[in-house]
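# Analysis of the macromolecular model
Okay, here's what each chain looks like letter by letter:
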Amino acid sequence: MNMRPTIIFIAIFLIVSPFAILYAQPPGNKNKKGPTLKQLTGNNQAIRTDPDTLKKVLEDFRKFNLNFDSTAFEYTVLINDNAGLFAARQRGEAKNGFFKYANYLGYVINNAGLPGEELAKINIEIGQSAFAQGRYDFAAKRLFEAKSRLENSSHTGDNSYVDALGKLGMVYTTMGRVKFADSFLVWALSLRKSRFGINDRGLVPILNNKAVLDFMLGRYTRSEASFESAVSILQKNGLLSTMAYAIVLNNEAMLFQSLGRYEEAKDKLDQAIEIGKKLKATRARIHLKFFTNLALLYQRMNQFEDAERTYHVIEDKYEKGTTEYANYINNLAILRFLRGKDEFVEGMLKNAARIFMTNLGENSTAYAKVINDLGIFYRLKAQYDSAAFYLERSLQIRKRFLGVKHPVYVQNEEDLAILYWKKKDWAKASPLYTAVMNKTIDFVNTYFVAMSEAEKARYWDILSPRFLRAFNFLVEASAYNDDAAAEIFRFRVATKGVLLSSAQKITESILTSGDKQLILDYSDWIDLKEQLASFYAYSNEDLKEQNINLDSLEAVANGLEKKLSANSVEFSHFNFIKKLTVWDIRSGLKPNEALLEIIRLRYYDQQFTDSCRYIGLIITKNNQKPKLIVLPNGPELENTAAKLYQRSIKNKIPDEKSFQNFWTPFEPELKDKKRIFISPDGVYNQVNLNTLKRSDGDYLIRQNELVLVGNPRDILPDSVLMSRKGSKNATLFGNPDFGSAKIPGLPATSLEVDSIDRVLKSSGYRVSEYLQKEATETNLKQAKKVGILHIATHGYFMQDVVKTFWPMGVAEENAKNNVLLRSGLLLAGADDADRSKSGLDSSNNGVMTSYEAMNLDLRGTRLVVLSACETGLGEIKAGEGVYGLQRAFLEAGAEALIMSLWKVDDAATQQLMNYFYNNWTQTGNKQKAFRQAQLQLMEKYPAPYYWGAFVMLGN
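Structure report, in brief. (Residues numbered from 1 in each chain as written. Predicted model: local features only at pLDDT ≥ 70, side-chain atom pairs only at ≥ 80, totals over all residues. Heavy atoms only, no water.)

## So, helix H21 (residues 484–495)
Put simply, the rule is: To qualify as a helix, a DSSP run of H or I must reach at least 4 residues; to qualify as a strand, a run of E must reach at least 2; elements of each kind are numbered from the N terminus. Here the expected span of a helix is defined as 1.5 Å times the quantity of residues minus one. Note on classification: 1.4 Å probe, protein chains only; a residue is buried when its accessible area is under 20% of the maximum for its type, exposed when over 50%, partly exposed between these limits.
Helix length check: H21, at 12 residues, gives a terminal C-alpha distance of 17 Å against a target of 16 Å (1.5 Å per residue), a fit within 8%. Within H21, 12 of the 12 residues are buried, leaving the element largely enclosed by the surrounding structure. Just beyond H21, the residue with positive phi is Gly-497, at close to 65 degrees.

## Looking at the nonpolar core
The following threshold applies: Residues enter a nonpolar core if they are buried and are Ala, Val, Leu, Ile, Met, Phe, Trp, Tyr or Cys, with the set joined through side-chain atoms within 4.5 Å.
Counting residues in each nonpolar core, the largest one holds 174 residues, and the members touching the most others are Tyr-459 and Ile-585. Core analysis: the next-biggest nonpolar cluster, separate from the first, contains 116 residues, Ile-598, Val-683, Leu-789 and Met-848 among them.

## So, the packing of helix H20 (residues 453–477) against H21
Condition: Helix axes are fitted to C-alpha atoms over the stretch in contact, other axes to C-alpha atoms as well, and angles between N-to-C directions run from 0 to 180 degrees. Here the word oblique covers every angle except those under 35 degrees (roughly parallel), over 145 (roughly antiparallel) and from 65 to 115 (roughly perpendicular). A crossing counts as left-handed when the near helix is turned anticlockwise from the far one by less than a right angle, and as right-handed when that turn is clockwise. Here, two residues are considered to be in contact whenever any of their heavy atoms come within 4.5 Å of each other. Basically, the charged four are Asp, Glu, Lys and Arg, the nonpolar ten are Ala, Val, Leu, Ile, Met, Phe, Trp, Tyr, Cys and Pro, and anything else, Gly included, counts as polar.
As a packed pair, H20 and H21 sit with axes 9 Å apart at the nearest point and diverge in direction by 160 degrees. Relative to H21, the element H20 lies roughly antiparallel. With respect to the hand of their crossing, H20 and H21 are arranged in left-handed fashion. Residues Trp-460, Phe-467, Phe-471, Leu-474, Val-475 and Ala-477 of H20 form the contact with H21, whose participating residues are Ala-484, Glu-487, Ile-488, Phe-491, Arg-492 and Thr-495. Among the residues making up the contact of H20 with H21, the classes are represented as nine nonpolar, one polar and two charged.

## Some thoughts on unusual backbone geometry
Its identity as a non-glycine residue notwithstanding, Lys-652 has a phi of 60 degrees, on the positive side. Position of Lys-652 among the secondary structure elements: in the loop between helix H27 (634–651) and helix H28 (657–662). Given the relative accessible area of 40%, Lys-652 is considered partly exposed. Phi is positive for Lys-785, close to 55 degrees, though the residue is something other than glycine. As for its placement among the helices and strands, Lys-785 is situated in the loop between helix H33 (777–781) and strand S8 (788–792).

## Here we look at the packing of helix H11 (residues 262–279) against helix H12 (residues 286–300)
Between H11 and H12, the shortest axis-to-axis distance is 9 Å and the interhelical angle comes to 155 degrees. Of the possible angle classes, the one that applies to H11 and H12 is roughly antiparallel. Between H11 and H12 lies a crossing whose hand is left-handed. Of the residues in H12, those in contact with Tyr-262, Ala-265, Lys-266, Leu-269, Asp-270, Ala-272, Ile-273, Gly-276 and Lys-277 of H11 are His-287, Phe-290, Phe-291, Asn-293, Leu-294, Leu-297, Tyr-298 and Arg-300. Tallied by class, residues from the contact of H11 with H12 come to 10 nonpolar, three polar and four charged.

## What about the pattern of salt bridges?
We count it as follows: Here a salt bridge means any side-chain nitrogen of Lys or Arg lying within 4 Å of a carboxyl oxygen belonging to Asp or Glu.
The full count for this structure, using the stated rule, is 40 salt bridges. Note that Lys-210 is salt-bridged to Asp-214, the shortest N-O span being 3.0 Å. With a gap of four residues between them, Lys-210 and Asp-214 both fall in helix H8 (residues 203–216), about one helical turn apart. The exposure class assigned to Lys-210 is buried, which follows from its relative accessible area of 9%.

## Regarding the sheet that holds strand S9 (residues 794–797)
Where we set the bar: Strand pairing is assigned whenever DSSP identifies at least 2 bridges connecting the two strands.
The sheet built from three strands is open, its strands ordered S9-S10-S11 with antiparallel pairing. The open sheet has two edge strands with one neighbour each: S9 and strand S11 (847–849). On average, adjacent strands in this sheet sit at an angle of 25 degrees to one another, irrespective of strand direction. Relative to strand S10 (residues 823–826), S9 is paired through four bridges, and the arrangement is antiparallel. Residue Phe-797 lies in a different strand from S10, and its bridge partner there is Ser-823.

## Looking at the pairing of strand S2 (residues 608–620)
When a strand is regular, its side chains alternate between the sheet's two faces. In terms of residue burial, S2 counts as a mostly covered element, since 10 of its 13 residues are buried. Note: strand S1 (residues 593–604) against S2, 10 bridges, orientation antiparallel. For Glu-597, the partnering residue across the bridge sits in S2 and is Leu-617. Relative to strand S3 (residues 627–631), S2 is paired through five bridges, and the arrangement is antiparallel.

Structure below.
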């Protein structure tokens, strides 16, 4: 059940009332070790302020504070999916104890006549104790009083002054007064560093609290950097077994979860829980917070049984009526709903809302969070009026405390937009969705800066469903809104291939920066990835025997990549997502041209379903708005129709049905266009549209020039790729000596390469040719600054790891979770029985995986030809294309690719490539040359199986 009824971010602002009653007459209370406070201060007499009495009360007060873990006085603790910090208001004995001491000490502060610095320290102690109990307003007053007294007595050089600033930052963070919080935390960090150095352990709580504040404000990059600095200091001071470290781990986990890095989040939480167990951290109940976070993380990962099992650990630990308990039943209600046990959900959510409102007020973001969940519940139950009441109220509260650009506010906006959509209130839904999508694009441009590619992918996994929901909305709204199709196109062109585009831009930024150190760091990163690639060939047992920690190496590579990404933007201030309009794309088209953008779109009805549809957006020079075409039968296209097409191609039988299935819906809008740029998605990546045959017996290739592009941006005249000038160098590989007869040889590819060699040399190319034993992985990796790279060999793609057919070169356990390790090319020595002797540092094992191909330097390479079987196949990801060799060579920098969709015939392939290179050297236009080569081959081999196996993708 793919439902997300709860928000994925954390808002953490709590506000409480002033505690004027703290200055009332202190209550009496027995003290087993000495006289009562009433006796100390005098019964019905003036309160005693002598030093001995004050000393005694302070001693007792400090004993009272031992009820709390000391970290509760210093560290903000994030909790998962809750709008408030878990340092909630306490009740009972601790509360009474606080009143008792705070009353007396509060009076003494005003009447004892103590030196300012002494009174400041007492204020700090009272303030931190108040904070630990959720007395935030009172805590802020005491801490601010301490700051003022230290300033007035010229003691700003005392450690107490920095302590007061840091704690004020923490309290104001909790209260939602973020501007004050930010200034105090920055101030405290600066003073502490200047006095004690950058490795001082006292920096850790300030860094932690600054990271929490940045996280709450959506400044994820800064937040992660502060957490990492805190961990580094803890490590240098030998403090990795402390509760302080556990809290930082917990808070890092909450950040990672919000970015979709679930496995990393779970690892951090597991470590925090283990530390808590060893320390028996029950006094501040911090351990329970970690368990709560873990349960919610399991819910995010759809591991509902694990979540419920974790809840059982903590179900009897909370006092009813506290905000802790409200948070617990709020989260448990969502879990029960996700598991289809929703009979008590409404009551649990209302109870949680009542508790939050009683404890924190109806303007708190904790209350906003739970009523937002309640609103989503009513929306899912189609009780739209009730849903609107709660969602609108939640949005108002969050606007006040978070601002309109905060990720939590934007999520709330989308929740409300979906409600209006389901109510068919297009006038309210449309502007909300436009605002949501524009802000989400801004999130990508903001947060991608310092993420590694893997982290970008996980964050995009969180954001991309929002765009798919918007597309579903806009398809339905198009019947009422003439601009809906243009909006779909605008957001599609902005986000399609965003991960690939991001990787290319970062590389380009680094290598053209002129910064020698940055470029050197980039080379080191590539070398490390190459080392990782060689290690992936070995099993876990082999690695353990050699004492090689693959996880650690991956972490180092990931960290170095993030550093490169962050540093590169110093030299190239670009946006990862560029906002283009229909008019921008029309400017790149001629009157006889059209663009067809295809989108695979899962149906959304309160949640995503397993069914899908395809939509086409057609743009021409003369039409002001795109034409929207909807193909509602997505499952039929991907199953029955795709199988019919593949069977007809393989068996070389006539097929007119596939034309009707895949092209007829678009034809009326395209029939008068000579050249059609096609940006494919889904099943359209597996079909060569040129091979579709009309009912009149003619193939589509004869009627139109079809040009495949990865993104509509690629047709623009100012395209980065189009502006590059490739060299007249060519590198050719063919007929590798695989090392044994187990892998069939490819002698025809020697003729193919020799023929291409002659054609290119006659056109002024400098050609390097590698055949037989020279067609090695090492030589391929050294091919740089080449205009053409042609590789004629065996290719492979495996959807899953199948032992019977698994090629050597990658250990099964490493390939299971990485599609780029399940596809590749076979080169010289791929089945050499002795290649294992080269050792674990070998990167020349004859198997060039897509992961390794991705690390090639192919910037300026105008064309890569993968003259092998099924090199165009891979794992299709919505909006991101095909993950496999296609993805790898594009990310490496290739401007265009020629690749195959099925097993190819050697003789036909050799002839096709010969035609193509001859045509290209004569015309200078690779797209037209490739189409002409296919038409020429059709004369000799009429069946599409022979001439239609290859497609060209790119600029």
